[in-house]
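Take a look at the letters that make up each chain.
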Amino acid sequence: MPELLTVLVLAALVWLWYDSMRARERAVQAGKQACERNALQFLDDTVQIVKLWPARDPDGRLVLRRTYRFEFSDDGAQRRGGVVVMLGAGVESLDLEPFLMTHG
């Protein structure tokens, strides 16, 4: 019986790692796309997880809500922050700090 419990715990950890990598990749993609749409530079080509907790999706299923932070620049010198909230496999919200808009 302890061996079965060990296998189940290891399987759950592997699933969490895999699911987290997929969510992270989608958060990076969402941040990059938001930056491209607004003519901003996505910095460091990465996101950083800042919060992870269980939540219910619109269908009532228990999923993980992950909040990722990233940085971007509007002028090539100043760093500004953005946040992507992932609910399960999808983007729930994306926010960017106020930034300079350039014309042209």
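Each remark here, short or long, concerns the structure printed above.
What you are looking at is a predicted structure, and each value in this text was computed from that prediction instead of being measured.

Chemist: Kindly report on the overall build of the chain, identifying the contributing residues and their values.
Modeler: On a plain count of helices and strands, the chain comes out with one helix and five strands. If you list the helices and strands of the chain from N to C, you get α-β-β-β-β-β. Over its C-alpha atoms, taken along the principal directions, the chain stretches across nearly 65 × 30 × 15 Å. Among the 104 residues that make up the chain, the fraction classed as buried is 31%. For the chain, long-range pairs separated by at least 24 residues make up 41% of all intrachain contacts whose partners lie at least 6 apart in sequence. For the chain, the accessible surface area stands at approximately 7,200 Å², while carbon and sulfur atoms represent 58% of it. Taking the average place of the 13 positive charges on the side chains of the chain and the average place of its 14 negative ones, the gap between the two points comes to 3 Å.

Chemist: Describe in detail the pairing of strand β5 (residues 90-96), supporting the description with residues and values.
Modeler: In summary, the side chains of a regular strand alternate between the two faces of the sheet. Of the pairings in the sheet, the one linking strand β4 (residues 80-87) to β5 comprises six bridges and is antiparallel in character. Looking at the pairing, Val83 lines up with Asp95 of β5. Taken together, β4 and the strand that follows it, β5, pair antiparallel across an intervening segment of two residues, in which Gly88 is found at a positive phi of about 65 degrees.

Chemist: Mind laying out the pattern of salt bridges, listing which residues take part and the relevant values?
Modeler: One pass over the structure, following the stated rule, counts nine salt bridges. Here Arg22 and Asp19 are joined by a salt bridge, their closest N and O atoms 4.0 Å apart. In this pair, Arg22 and Asp19 both sit in helix α1 (residues 2-37), three residues apart, roughly one turn of the helix. For Asp19, a relative accessible area of 13% gives the class buried. Among the salt bridges present, the one from Arg79 reaches Asp44, with a minimum N-O distance of 2.4 Å. You can see Arg79 sitting in the loop between β3 (62-73) and β4 and its partner Asp44 sitting in the loop between β1 (41-42) and β2 (48-56), a full 35 residues away along the chain. Taken together, the salt bridges that share partners define one network made up of Asp19, Arg22 and Arg66.

Definitions and limits used
Residues numbered from 1 in each chain as written. Predicted model: local features only at pLDDT ≥ 70, side-chain atom pairs only at ≥ 80, totals over all residues. Heavy atoms only, no water. Helix = DSSP H or I, 4+ residues; strand = E, 2+ residues; numbered from the N terminus. Buried < 20%, exposed > 50% of the residue type's maximum accessible area, 1.4 Å probe, protein only. Contact = heavy atoms within 4.5 Å. Areas by Shrake-Rupley, 256 points an atom, 1.4 Å probe, with all protein chains shown as cover. Lys, Arg positive; Asp, Glu negative; His and termini not counted. Charge placed at Lys NZ, Arg CZ, Asp CG, Glu CD. Pairing = 2+ DSSP bridges. Salt bridge = Lys/Arg side-chain N within 4 Å of Asp/Glu carboxyl O.

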